[in-house]
Amino acid sequence: MYRFIPVCEPLLSGNELRYVTEAVSTGWISSSGKYVTKFEQAFADYCGVKYAVAVCNGTVALHLLLTAAGLGKGDEVIVPSFTMIASAFAVCYTGALPVLVDADKDTWNIDTAKIEEKITPKTKAIMPVHIFGNPCRMAEIQRIAREHNLLVLDDAAEAHGAEYAGVKAGKLADLTAFSFFANKNLTTGEGGMVVTDSPEYYDKLRYYRNVCFPLDAPRVYQHEDIGFNYRMSNLHAALGLAQVEKADYYRGLRIKNAALYQKYLTDIEGIRLQRDEPQGLNVHWMNAVLIEPRVFGRTKEQVIEYLQQNGIETRLLFTGMHQQNSLKKYGCDCTGEYPVCDKLTENGFYLPSGSNLTEDEIEFVCAKIREARG
Ligand SMILES: *Cc1c(COP(=O)(O)O)cnc(C)c1O
């Protein structure tokens with residue numbers, strides 16, 4: 001008999017406890033502690049970029065990134081419809097408007113062939129999201145951005161260590177945001193980071209993160225702009241530093257999981273997995289399957305229920321941004337067709353994907369999917 005197999009559990013297998021204990025025992029628990037700068041430096045090095053700014057979650061990392069980029073009311077940002085809600089919400093926080101593009105039917109990332117038709121004189125930026133760790137077609141996105149004079153603002157919340165054409169996420173855009181939520185490939189429980197190679201953006205990120213205290217001037221309590229408290233605590237950064245020390249190890253575990261799912265599911269008709277972007281290194285944050293009910297002979301709901309009876313947890317995939325009432329109320333144009341996104345929402349779900357899954361567990365999950373067909 002197997003244990004209950006959760007959809008995701010954090011793996012904290014290095015110096016996490018030691019560093020957190022050190023932070024607690026020395027009393028350095030706020031954002032002033034040494035682990036914040038250590039974590040930022042280590043993560044910047046890992047991505048191969050000059051600057052990293054730690055914040056308290058991935059959603060505010062996106063807001064901070066858009067703020068530093070100068071986005072605001074009257075601007076439009078191209079966002080995939082198939083993404084986590086924070087990608088679109090962060091655009092709304094600035095007053096700008098998310099403009100939606102459907103997903104590619106194989107990679108499930110933004111369909112680059114459909115970006116240009118959504119560009120207007122108000123478009124200021126493209127926000128690629130590397131869905132489930134699969135890097136977007138960045139050469140094509142960069143070409144479009146150059147031709148239309150747009151920024152590329154990357155939501156790499158799911159893509160720590162992912163690569164496109166040999167270049168790591170973090171170095172693929174003007175500014176890049178990451179999340180360290182508990183289920184992400186690297187985690188601090190709650191946390192986020194923005195990285196960039198630009199010293200100007202670096203200053204803006206630190207300025208807005210800390211309620212717009214002047215960066216270098218002596219601290220007088222006069223604030224020229226409206227800023228935010230998005231600082232990360234030393235306790236979270238202690239976890240983060242320990243995680244980055246083993247980033248390649250953690251990345252390897254997720255890639256190994258995906259290869260096993262591939263191995264055990266590939267010959268089942270009516271079951272599809274995400275296809276890797278040809279020039280990309282997919283870090284497989286999550287393994288999702290797309291059921292084709294007519295071919296497989298069972299609906300998604302029936303498969304999920306059968307897995308649940310066998311102690312296997314699953315999760316539904318994102319509901320498309322074009323279906324979100326909040327975004328409709330905000331004024332986002334949700335008309336038009338998003339057939340790929342709709343199919344993923346309707347027929348897709350996540351399989352257990354945590355870094356600590358064993359091959360036996362993955363084989364068991366796959367055997368139960370096979371059995372679900374009856
Ligand atoms: C997880 C995630 C976020 C938000 O991160 P939080 O740390 O949960 O706020 C943003 N975008 C995408 C694509 C994500 O998967």
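None of the values given here were measured: they were computed from a predicted structure.

Q: Just give me the short version of the overall build of the protein, but keep the residues and values in it.
A: The helix and strand inventory of the protein stands at 13 helices and 14 strands. Burial analysis of the protein (374 residues in total) assigns 57% to the buried set. Considering only residue pairs separated by 6 or more positions, the protein has 72% of its internal contacts joining residues 24 or more positions apart. For the protein, the exposed area adds up to about 15900 Å²; of that, 52% sits on carbon and sulfur atoms. In the protein, 39 positive and 46 negative side-chain charges are present, and the distance between their average locations comes to 1 Å.

Q: I'd like a description of the packing of aromatic side chains, backed by residues and values.
A: Any two aromatic rings considered together are summarised by their centre-to-centre distance and by the angle between their planes. Counting across every chain of the model gives 19 aromatic pairs. One Lys or Arg, Lys184, reaches over the ring of Trp285 and ends 5.1 Å from the middle of that ring. Over the ring of Tyr202 we find Arg206; its NZ or CZ atom is 4.3 Å from the centre of that ring.

Q: Talk me through unusual backbone geometry; I want residue IDs and the actual numbers.
A: The backbone of Cys212 sits at a positive phi, close to 60°, despite the residue not being glycine. When you line up the elements, Cys212 lands in the loop between helix H6 (199-209) and helix H7 (234-245). In the Ramachandran plot, His284 falls in the positive-phi region, its phi being about 50° despite a non-glycine side chain. Structurally, His284 can be placed in the loop between strand S11 (280-281) and strand S12 (287-291). Judged by relative accessible area, which is 10%, His284 ranks as buried.

Q: Quick one: what's the story with helix H8 (residues 247-265), residue by residue and with numbers?
A: For H8, which comprises 19 residues, the first-to-last C-alpha distance of 27 Å matches the rise-based estimate of 27 Å (1.5 Å per residue) to within 8%. Of the positions making up H8, those classed as buried are Ala247, Tyr250, Arg251, Leu253, Arg254, Asn257, Ala258, Leu260, Tyr261, Tyr264 and Leu265.

Q: Tell me about the sheet that holds strand S10 (residues 271-273), and please be specific about residues and values.
A: As a general point, the strands of a sheet are linked pairwise by backbone hydrogen bonds and lie either parallel or antiparallel. One open sheet accounts for 4 strands, arranged S10-S12-S14-S13; its pairing is antiparallel. Strands with a single pairing partner mark the edges of an open sheet, and in this sheet they are S10 and strand S13 (315-316). With 2 bridges connecting them, S13 and strand S14 (residues 348-351) associate as antiparallel partners. Bridged to Arg315 within S14 is Tyr350. Against the sheet, H8 contacts S10, S12 and S14, and its axis sits at roughly 25° relative to S12.

Q: Explain the site of the ligand to me, using residue names and the numbers behind them.
A: Close to the ligand lie 16 residues; Gly58, Thr59, Glu158, Ser179 and Lys184 are nearest. Take Gly58: an N or O atom from its main chain is 2.8 Å from an oxygen atom of the ligand. Here Glu158 contributes a side-chain N or O atom positioned 2.5 Å from an oxygen atom of the ligand. Bound to the protein, the ligand loses 93% of the 380 Å² it would expose on its own. Counting only elements with at least two residues in the shell around the ligand, the list comes to helix H3 (58-68) and helix H4 (85-93). The dominant element in the shell around the ligand, judged by the number of residues it contributes, is H3, at 3 residues.

Q: Explain the UniProt feature "active site" (unreviewed entry) in the protein to me, using residue names and the numbers behind them.
A: Following the UniProt record, the feature "active site" (unreviewed entry) maps to Lys184 here. Inspection of the secondary structure assignment puts Lys184 in the loop between strand S8 (175-179) and strand S9 (192-196). Sequence-distant contacts of Lys184, that is, excluding residues within four places in its chain, are made with Ala157, Glu158, His160, Ser179, Arg254 and Trp285.

Cut-offs applied
Residues numbered from 1 in each chain as written. Predicted model: local features only at pLDDT ≥ 70, side-chain atom pairs only at ≥ 80, totals over all residues. Heavy atoms only, no water. Helix = DSSP H or I, 4+ residues; strand = E, 2+ residues; numbered from the N terminus. Buried < 20%, exposed > 50% of the residue type's maximum accessible area, 1.4 Å probe, protein only. Contact = heavy atoms within 4.5 Å. Areas by Shrake-Rupley, 256 points an atom, 1.4 Å probe, with all protein chains shown as cover. Lys, Arg positive; Asp, Glu negative; His and termini not counted. Charge placed at Lys NZ, Arg CZ, Asp CG, Glu CD. Phe/Tyr/Trp six-rings, centres within 6.5 Å; stacked < 30°, edge-to-face > 60°. Lys NZ or Arg CZ within 6 Å of the ring centre and 35° of its normal. Expected span 1.5 Å × (residues − 1). Pairing = 2+ DSSP bridges. Axes fitted to C-alpha atoms, helices over the stretch in contact; angles between N-to-C directions. Near = heavy atom within 4 Å. Polar contact = N/O pair within 3.5 Å; in protein donor to acceptor, adjacent residues only side chain to side chain. UniProt positions renumbered as here; feature names shortened; annotations may be inferred.

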